[in-house]
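Commentary on secondary and tertiary structure
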Amino acid sequence: MKRVLSGIQPSGQLTIGNYIGAMKNFVKLQEDHECFFMVVDLHAITVPQEPAMLREQSEQVAALYIAAGIDPTKAAIFLQSHVPQHAELGWLLTTLTNMGELERMTQFKDKAAGKDSVGAGLFVYPSLMAADILLYNADLVPVGDDQKQHLELTRDIAGRFNHRFGEFFHVPEPYIPEVGARIMSLDDASKKMSKSNPNPGSFITLLDDPAAIKKKISRAKTDSEALVKYDPQNKPEISNLIGIYAHVANMSIAEIEAKYEGQMYGPFKKELGEAVASMIEPLQARYHEVRKSGELYDVLHSGAERAQEVAEKTMDEVKKRMGFVLPR
Ligand code: TYM
């Protein structure tokens, strides 16, 4: 069975961008793959986090995994910090990564832009991400479009290790949705939808109140053509909304275009708002149930155990190949 690994940072509320770009595929892939889905708390601290918030948001992301349909009996759900081999392999792979490669990462450039002081952790973040993936020898990594460059670097690092120390790591493939790989901001379709945008009207979070979601969608920017047509080049705003629609209503782009042929944007937006809300309502109900029941701690415990079993084996082999003396 092919192995899958992915992770989401607990650095703010998850958006429908995270859901469509990544989580929805987590749910799909768990059916016929051996899956490891983690909350990447070690990545989150590459920018300052308030400890109480980090704790809350880590539990929130883990509970949202379950609420979104990841079944802990099928996939391992765990916190990155519960498996210390991530940090350990991260260090080893940092020594196989070049400064120039890290300097080219657009996520680093974006996050570092305009800052007087940038943490070293933010710079070496991609080596830790490579470790996350290679620790499990994952074949597939479900992510949104913005992680493609990190995946490319992971592939290069895997190849470099194999070349120097003998074939060991699988060279992983990204698994990216055809539509919705980059959900854009509701107020500016040239920017990725992101929870760190200061305008809350620009993003929809998975824990937003359904009434607020409908309002945000009704206010989303569109063009003045009043034509529901998927054309990301020329009609980026409406194409973004059609992409969201396709995912939340499980419809094809062609079906959506046909449904709204000859109509203005009003009915389209109204029904999109309803579709998002009706996808999110059961998810939120399950989320609150999970948080209340305390089941999360058992899930995270057994998820980390499953992950650690694989991680320990990888580390032994990596250390042996690199020339470390293994303890007795
Ligand atoms: P993060 O936490 O920023 O985002 C989690 C996942 O959501 C996707 N995503 C989006 N997809 C579509 N449209 C959007 N607007 C959007 N915003 C976010 C991201 O592409 C990602 O798949 N470095 C990673 C976390 C990570 C990881 C890993 C991922 C750490 N280790 C190992 C895979 C494998 C990150 O910052 O994702």
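Just so we're clear, the structure is a prediction, and the values are computed from it rather than from any experiment. (Residues numbered from 1 in each chain as written. Predicted model: local features only at pLDDT ≥ 70, side-chain atom pairs only at ≥ 80, totals over all residues.)

With that settled, consider the nonpolar core. What tends to happen in soluble globular proteins is that the nonpolar side chains get buried as a cluster. Residues F36, I77 and V276 are the most contacted members of the largest nonpolar core, which totals 91 residues. For this core, the two domains that each supply at least three residues are domain 1 (3–176 + 294–322) and domain 2 (200–287). Excluding residues within four positions of it along the chain, I77 makes contact with F37, A62, Y65, I66, I70, P72, V299, L300 and G303. (Core = buried A, V, L, I, M, F, W, Y, C linked by C-beta atoms within 7 Å. Buried ≥ 20, exposed ≤ 12 C-beta atoms within 10 Å, placed from the backbone. Domains from an automatic or database assignment. Contact = placed C-beta atoms within 7 Å.)

Around the ligand, 26 residues are found, and the nearest of them are Q9, G17, G21, V143 and G144. At the level of secondary structure, the elements contributing two or more residues to the shell around the ligand comprise β1 (3–8), α1 (16–29) and α7 (120–134). The biggest single contributor to the shell around the ligand is α1, with five residues. When the residues that make up the shell around the ligand are grouped by side-chain class, the tally is twelve nonpolar, ten polar and four charged. (Near = placed C-beta within 6 Å. Helix = DSSP H or I, 4+ residues; strand = E, 2+ residues; numbered from the N terminus. Nonpolar A, V, L, I, M, F, W, Y, C, P; charged D, E, K, R; others polar.)

It is the contact of helix α4 (residues 85–94) with helix α13 (residues 295–322), at a shortest axis distance of 10 Å, that shows an interaxial angle of 25 degrees. Comparing their axes, α13 and α4 come out roughly parallel. In the crossing of α4 with α13, the sense of the turn from one axis to the other is left-handed. Here α4 contributes Q85, E88, L89 and L92 to the contact with α13, which in turn contributes A311, E312, M315, V318 and M322. Considered class by class, the residues forming the contact of α4 with α13 number six nonpolar, one polar and two charged. (Axes fitted to C-alpha atoms, helices over the stretch in contact; angles between N-to-C directions. Parallel < 35°, antiparallel > 145°, perpendicular 65-115°, else oblique. Left-handed = near helix turned anticlockwise from the far one by under 90°.)

The domains assigned to the chain are domain 1 (3–176 + 294–322) and domain 2 (200–287). Computed from C-alpha atoms alone, the centre-to-centre distance between domain 1 and domain 2 is 30 Å. Across the boundary between the two partners, domain 1 contributes eleven residues, which contact eleven residues of domain 2. Counting residues per element, the ones that place at least two in the side of domain 1 that touches domain 2 are α1 and α3 (51–67). Examining the composition of the side of domain 1 that touches domain 2, we find that four residues originate from one element, α1, more than from any other. Its residues placed into classes, the side of domain 1 that touches domain 2 shows eight nonpolar, two polar and one charged.

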